[in-house]
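Commentary on secondary and tertiary structure
Below are the chains, spelled out letter by letter.
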Amino acid sequence: MIPIDRRSALRAAAGAAVTGALATSCSDTTPTSVKPSAAAPGNSPGASGPSPGTARSATRSAPAPRRFPGQPAEIEHGPRDRPRVALTFHGQGDPATATALLAQAERAGARVTVLAVGTWLDEQPALARRILDGGHDLGNHTLHHTDISAMDEAEAYAEITGCARRLRRLTGSIGTWFRPSRTQHATPLVQRLARRAGYPHVLSYDVDSLDFTSPGAAAVVRTVTGEIRDGSVVSLHFGYADTVAALPALLDALERRGLRAVTTTELLT
């Protein structure tokens, strides 16, 4: 357990980080010392190319989805024989909290995967490029973040492609990953629709931080460190102060265990 004084310090740091992020626009916080990730080859024709009407902010195409031979349609974790893990964030909520989390990860030399909600991108379009310019993966977490498992085929496909269109408009790519909303595992229908939309794999996870329940920073760190191991994919969220407060201690704990936080693409490469 994190000592009380350490916990207080973490919460204070989180508050300072969020306050500082609020004072600066997302477009002005791109780290100048981080080189963008190289684009990965796409799996389908035109998946990574800009479509007509692409926003001016898409100065270069972002990495596109790719197929990983030997991996299942739904990926829960990476190789268990390498000391690397993927921290994945559901992209929604206060942009200042998102910016603070990205900055914390980058200061520690960590890279993460962000699965963005389409309506969030409508409200915070600059964050798409901010995520990519930090060297992180950016993917699709549906358009409205509603229960995709309860939808019929047309509704579910519209949720996937609606977010994909926004990602392509902002970055020139439909994103590197798709994760279904409101569920850990995709139904066979959703897996099929994701492939139709251009995503060879659905990204799940094997460690749930439960940070969305706001259990406190110490509990988030305890939950993740108690379950994480080589190759794990961890589910976390933007928009929660507990997650901001927990991240420094979590990254410290990973480092002590010899685990490196990388993008999901790097985890599987």
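Rules used in this analysis
Residues numbered from 1 in each chain as written. Predicted model: local features only at pLDDT ≥ 70, side-chain atom pairs only at ≥ 80, totals over all residues. Heavy atoms only, no water. Helix = DSSP H or I, 4+ residues; strand = E, 2+ residues; numbered from the N terminus. Areas by Shrake-Rupley, 256 points an atom, 1.4 Å probe, with all protein chains shown as cover. Contact = heavy atoms within 4.5 Å. Polar contact = N/O pair within 3.5 Å; in protein donor to acceptor, adjacent residues only side chain to side chain. 1 Å grid on protein atoms, 1.4 Å probe; cavity = no way out; pocket = protein on both sides within 12 Å on 5 of 7 lines; lining within 4 Å. Points joined across faces, edges and corners; volume = space filled by probe spheres on them. Nonpolar A, V, L, I, M, F, W, Y, C, P; charged D, E, K, R; others polar. Buried < 20%, exposed > 50% of the residue type's maximum accessible area, 1.4 Å probe, protein only. Pairing = 2+ DSSP bridges. pLDDT = per-residue confidence, 0-100. Expected span 1.5 Å × (residues − 1). Bend = angle between axes of the 7 residues up to and from the residue. Core = buried A, V, L, I, M, F, W, Y, C linked by side-chain atoms within 4.5 Å.

**A word on the overall build of the protein**
From N to C terminus, the protein includes nine helices and eight strands. Accessible surface, the protein as shown: approximately 11200 Å² in total, 53% of it carbon and sulfur.

**Topic: the environment of His90**
Mapped onto the elements, His90 comes out in strand S2 (residues 84-91). Separated by 146 residues in sequence, His90 and Leu236 have C-alpha atoms that sit 6.4 Å apart. In this view, His90 contacts Leu115, His141, His145, Arg179, Ser235, Leu236, His237 and Phe238; residues no more than four positions away in its chain are not counted. For His90, the side chain forms a polar contact with the side chain of His141, separated by 2.9 Å. Within the structure, the side chain of His90 is placed 3.3 Å from the side chain of Arg179, a separation counted as a polar contact.

**Here we look at the layout of surface pockets**
Rolled over the atoms, a probe sized like a water molecule indicates the empty space that remains. Taken as a whole, the largest pocket encloses approximately 310 Å³ of empty space. Taken together, 16 residues form the lining of the largest pocket, with His90, His145, Arg182, Phe212 and His237 sitting closest to its centre. When its residues are assigned to classes, the lining of the largest pocket shows four nonpolar, 10 polar and two charged. Here the second largest pocket is characterised by a volume of approximately 150 Å³. Lining the second largest pocket, in full, are Ala108, Gly109, Ala110, Leu251, Asp252, Leu254, Glu255, Leu259, Arg260 and Ala261. For the lining of the second largest pocket, the secondary-structure elements that each account for two or more residues are helix H8 (241-256) and strand S8 (260-262).

**Examining the environment of Ala110**
When you line up the elements, Ala110 lands in the loop between helix H2 (95-107) and strand S3 (113-116). A C-alpha to C-alpha distance of 7.3 Å links Ala110 and Arg260, two positions 150 residues apart in sequence. In contact with Ala110, other than residues within four places in its own chain, are Ala105, His136, Leu251 and Ala261.

**Here we look at the pairing of strand S4 (residues 137-140)**
Judged by which residues are buried, S4 turns out to be covered on both faces: Asp137 and Gly139 on one side and Leu138 and Asn140 on the other are all buried. Pairing of S3 with S4, which is carried by four bridges, proceeds in the parallel orientation. In the strand pairing of S4, Val114 is matched with Leu138.

**Re the pairing of strand S7 (residues 233-237)**
Within S7, five of the five residues are buried, leaving the element largely enclosed by the surrounding structure. Across the two faces of S7 the burial is the same, with Val233, Ser235 and His237 and Val234 and Leu236 all buried. Relative to S7, strand S6 (residues 207-208) is paired through two bridges, and the arrangement is parallel. Within S7, the position partnered with Asp208 by the bridge is Ser235.

**A look at empty space enclosed by the protein**
Applying the stated rule across the entire model yields one cavity of 30 Å³ or more. Of the voids in this model, the largest cavity is the one considered here, and its volume is about 40 Å³. Taken together, Ala62, Pro63, Leu132, Leu138, Leu167, Thr171, Ser173, Gly175 and Thr176 make up the lining of the largest cavity. Of the residues belonging to the lining of the largest cavity, the class tally is five nonpolar, four polar and no charged.

**A word on the confidence of the model for the protein**
Reading fine detail from the predicted coordinates is not recommended where pLDDT is low. With 78% of its residues at a pLDDT of 70 or more, the protein shows a mean pLDDT of 84. Here residues 1-58 is a poorly scored stretch, pLDDT under 50, and it has 104 contacts once near neighbours within four places are set aside; other chains count.

**With respect to H8**
An ideal rise of 1.5 Å per residue puts 22 Å on 16 residues; H8 measures up with 24 Å between its terminal C-alpha atoms. At Leu247, H8 shows its maximal bend, which comes to roughly 40°, and the proline Pro248 appears one to four places after that position. Buried within H8 are the following residues: Asp242, Thr243, Val244, Ala245, Ala246, Leu247, Ala249, Leu250, Leu251, Ala253 and Leu254.

**Thoughts on the nonpolar core**
In this structure, Leu87 and Tyr199 are the most contacted members of the largest nonpolar core, which totals 57 residues. Here this core takes eight residues from H8, the largest share from any one element. Beyond its immediate chain neighbours, meaning those up to four positions away, Tyr199 contacts Pro65, Asn140, Ile160, Ala164, Leu167, Ile174, Gly175, Trp177, Phe178 and Ala194.

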